[in-house]
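A structural walkthrough
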Amino acid sequence: MADDESGQPAGADFGPLVDEVRRFALALGGRALEYGVRLREQNPEVYGHLAGAGSELLAAYRAAVSGHERRWAGAGHAETEHIDLDEAPDK
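Quantities reported herein were computed from a predicted structural model and do not represent experimental measurements.

For the protein chain, the count of helices and strands is two helices and zero strands. Taking all 91 residues of the protein chain together, 1% fall into the buried category. Only carbon and sulfur atoms are counted for the fraction: they give 59% of the accessible area of the protein chain, which is about 8500 Å².

Dropping the structure here:
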């Protein structure tokens, strides 16, 4: 099936699905915020530990991604082979 100008498959209408996902995300985000506020008020020590753990996980993720990016972009990365897709195939 060919793609249209937006990159979607021809004849596909994702508008209703996108709207539903947006509503779900907003509802979920609102609930998460509500629970976070309640947790912070009722158990500030637990909230502090969870916030610290989240920060540590984010720092670990950033370090991992940064290391991979340096290897991908640095000298000595894997050799590449240029493949000319516009050239006529050999028969």
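Moving on, there is more to tell.
As a further point, take the pattern of salt bridges. A full pass over the atoms with the stated rule returns four salt bridges. Salt-bridge contacts for Glu34 lead to Arg38; the nearest nitrogen and oxygen are separated by 3.1 Å. In this pair, Glu34 and Arg38 are both assigned in helix α1 (residues 15–42), four residues apart and thus about one turn of the helix distant. Look at Arg38 and you get partly exposed, because its relative accessible area is 35%. Residues joined by salt bridges that share partners form a network here, namely Arg31, Glu34 and Arg38.

At a closest axis distance of 5 Å, the pairing of α1 and helix α2 (residues 44–73) adopts a crossing angle of 125°. Comparing their axes, α2 and α1 come out oblique. Along its contact with α1, which presents Gly36, Leu39, Arg40, Glu41 and Gln42, the element α2 presents Pro44, Val46, Tyr47 and Leu50. Looking at side-chain class alone, the contact of α1 with α2 contains five nonpolar, two polar and two charged residues.

Taken together, Phe14, Leu17, Val18 and Val21 make up a surface patch of nonpolar side chains, about 340 Å² in accessible area. For Val21, a relative accessible area of 49% translates into the label partly exposed.

What counts, and at which threshold
- Residues numbered from 1 in each chain as written.
- Predicted model: local features only at pLDDT ≥ 70, side-chain atom pairs only at ≥ 80, totals over all residues.
- Heavy atoms only, no water.
- Helix = DSSP H or I, 4+ residues; strand = E, 2+ residues; numbered from the N terminus.
- Buried < 20%, exposed > 50% of the residue type's maximum accessible area, 1.4 Å probe, protein only.
- Areas by Shrake-Rupley, 256 points an atom, 1.4 Å probe, with all protein chains shown as cover.
- Salt bridge = Lys/Arg side-chain N within 4 Å of Asp/Glu carboxyl O.
- Axes fitted to C-alpha atoms, helices over the stretch in contact; angles between N-to-C directions.
- Parallel < 35°, antiparallel > 145°, perpendicular 65-115°, else oblique.
- Contact = heavy atoms within 4.5 Å.
- Nonpolar A, V, L, I, M, F, W, Y, C, P; charged D, E, K, R; others polar.
- Patch = residues over 30% accessible without salt bridge, like charges linked within 9 Å, V, L, I, M, F, W, Y side chains within 5 Å.

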